[in-house]
Amino acid sequence: MASNRGTIIVLSPDYCSVIRSATTIRLRLTRSIGPLTAYCAKANAAGTDYEDSVIAVITPDSDGNASFVFPAENYPHGPITIRICGGEGDDRDICHLQLYNRAGKPFLQGAETAPQPPLAEGMKLIFSDDFDAPDLSISTNDTSARYYCHKPDGGDFSQMPFTDVEAPGNPFSQIDTYLRIRADLSKNATGLISSTHRDGSGFSVKAPCYFECRMLCPNAIGSWPAFWLLTSHTPPSLRTPTDELDTIEAYGLEDLDHQNQVGYYMTSHRWNQDKHETIDPEAFYDMRTFGNRLGWDMCFHTYGTLITEEETVYTCDNIPLYRHPTQPISKVQPFYFMLNLAVGGNGWPVNISRYGIIDLYADYIRVYAG
């Protein structure tokens, strides 16, 4: 990975660190791009959703140094992202400072605060993980664990390796009632969880069903967070005809395409069938056009997929965005889910050296069935 740390460098606090009160954010610019603006998502006045807010407009000094105070008590408790922007056109830079805020109050946190999704009406909750148990129950070899930490069919795909929970580079932590998956450049490690193990045991369910995950994703060049579904076979195999439903595929492109960072893809693949077919590969949704208009990297969103015998529907915050006819295999085979923070693996530039570490936080995962 090349070392290109961007124009805006946060000197303190450390990226992905914990803050407990009002905190001074200290910056340095490697070149002049004019004034900077810092943003962070907070609860709206009604307390029903997030809204973007300007923390400060900052003018660096002649040496490129700058600072501002982040009033942590006014922002949600838990994972937050401060977006620091400056410049225009080719001179534009965006730095995403991820922090864990111990100040402030919890906001829309936990499955107990979320009603049953409208598209799951009439279905029964059959799986729920609020990540509040004493341990995360993730394992490489123990099939009694709730999650397996690799792609079950052996097809790990991240350029930065998906790492065993038992390894020194273990990427998984439970922070309050969140699952944290950390990609760490120094350890060359990142993580994936699967509800099915490599022997085919674990959790899966047939249609009609609805899967959802509430999460906050990182944004760095080459980061590839996703929540997605595969049809289940025993044992899992890369050669078996399989349907893949990508509830969210987000691509970190902060220094390459400043528009794409606020959108994501919902894609269906038909593997090992008459031919590999991607259904509507251009199913890209700009998050500035619906809901609270905040991207996947700025606040928690709930991403869902409904599968019935007739159609498959993809949602964000219970807003249906995209649908297609349910494919033949999806009608009869059960699905399992995966959640991952991949870094690279699909041929685009990869560079998380600005941050060194990036974090994905999952608040909860729920599955309903009819």
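(A) Quick look at the overall build of the protein chain. Assigned secondary structure in the protein chain consists of one helix and 25 strands. Taking 21 Å as the expected radius of gyration for a compact globule of 370 residues, we find that the protein chain reaches 20 Å, a close match to that expectation. Dimensions of the protein chain along its principal axes, counting C-alpha atoms only, are 65 × 45 × 40 Å. Here the protein chain holds 370 residues, and 61% of them are scored as buried. Counting only contacts in the protein chain whose residues sit at least 6 apart along the sequence, the fraction spanning at least 24 positions is 69%. When the accessible surface of the protein chain is totalled, it reaches about 14700 Å², and 47% of it is carbon and sulfur. With 28 positive and 45 negative side-chain charges, the protein chain shows a separation of 2 Å between the mean positions of the two kinds.

(B) View of the sheet that holds strand β3 (residues 23-29). Spatial ordering of the open sheet is given by β1-β3-β6, a layout of three strands whose pairing is antiparallel. With partners counted over all chains shown, the strands left at the sheet margins are β1 (8-12) and β6 (65-70), one partner each. Between one strand and the next, the sheet's axes are offset by a mean angle of 30°, whatever the strand orientation. Of the strand pairs in this sheet, β1 and β3 are connected by four bridges, and their pairing is antiparallel. Counted as the bridge partner of S12 is R26 from β3.

(C) Inspection of the pairing of strand β17 (residues 242-249) at higher detail. The buried fraction of β17 is high, at eight of eight residues. Note that strand β16 (residues 223-231) and β17 share five bridges and pair antiparallel. Its bridge partner lying in β17, A226 is registered against E249. Note that β17 and strand β18 (residues 263-271) share six bridges and pair antiparallel. Each bridged residue has a counterpart across the sheet, and for D243 the counterpart in β18 is R270.

(D) How the structure looks around the sheet that holds strand β8 (residues 93-101). Read from one edge of the open sheet, five strands run β2-β8-β7-β4-β5, paired in mixed fashion. On the outer flanks of this sheet lie β2 (17-19) and β5 (50-58), each paired with one strand and no other. The average undirected angle you get between the axes of adjacent strands in this sheet is 35°. Pairing of strand β4 (residues 36-43) with β5, which is carried by eight bridges, proceeds in the antiparallel orientation. Counterpart to K42 in the pairing with β5 is E51.

(E) Main features of unusual backbone geometry. The omega torsion across A207 and P208 is 5°, close enough to zero to call that bond cis. Look at L108: it is not a glycine, yet its phi comes out positive at around 50°. Relative to the assigned elements, L108 resides in the loop between β8 and β9 (124-129). Residue L108 is classed as partly exposed on the basis of its relative accessible area, which comes to 32%.

Procedures and definitions
- Residues numbered from 1 in each chain as written.
- Predicted model: local features only at pLDDT ≥ 70, side-chain atom pairs only at ≥ 80, totals over all residues.
- Heavy atoms only, no water.
- Helix = DSSP H or I, 4+ residues; strand = E, 2+ residues; numbered from the N terminus.
- Rg over C-alpha atoms; globule rule 2.2 N^0.38 Å.
- Buried < 20%, exposed > 50% of the residue type's maximum accessible area, 1.4 Å probe, protein only.
- Contact = heavy atoms within 4.5 Å.
- Areas by Shrake-Rupley, 256 points an atom, 1.4 Å probe, with all protein chains shown as cover.
- Lys, Arg positive; Asp, Glu negative; His and termini not counted.
- Charge placed at Lys NZ, Arg CZ, Asp CG, Glu CD.
- Pairing = 2+ DSSP bridges.
- Axes fitted to C-alpha atoms, helices over the stretch in contact; angles between N-to-C directions.

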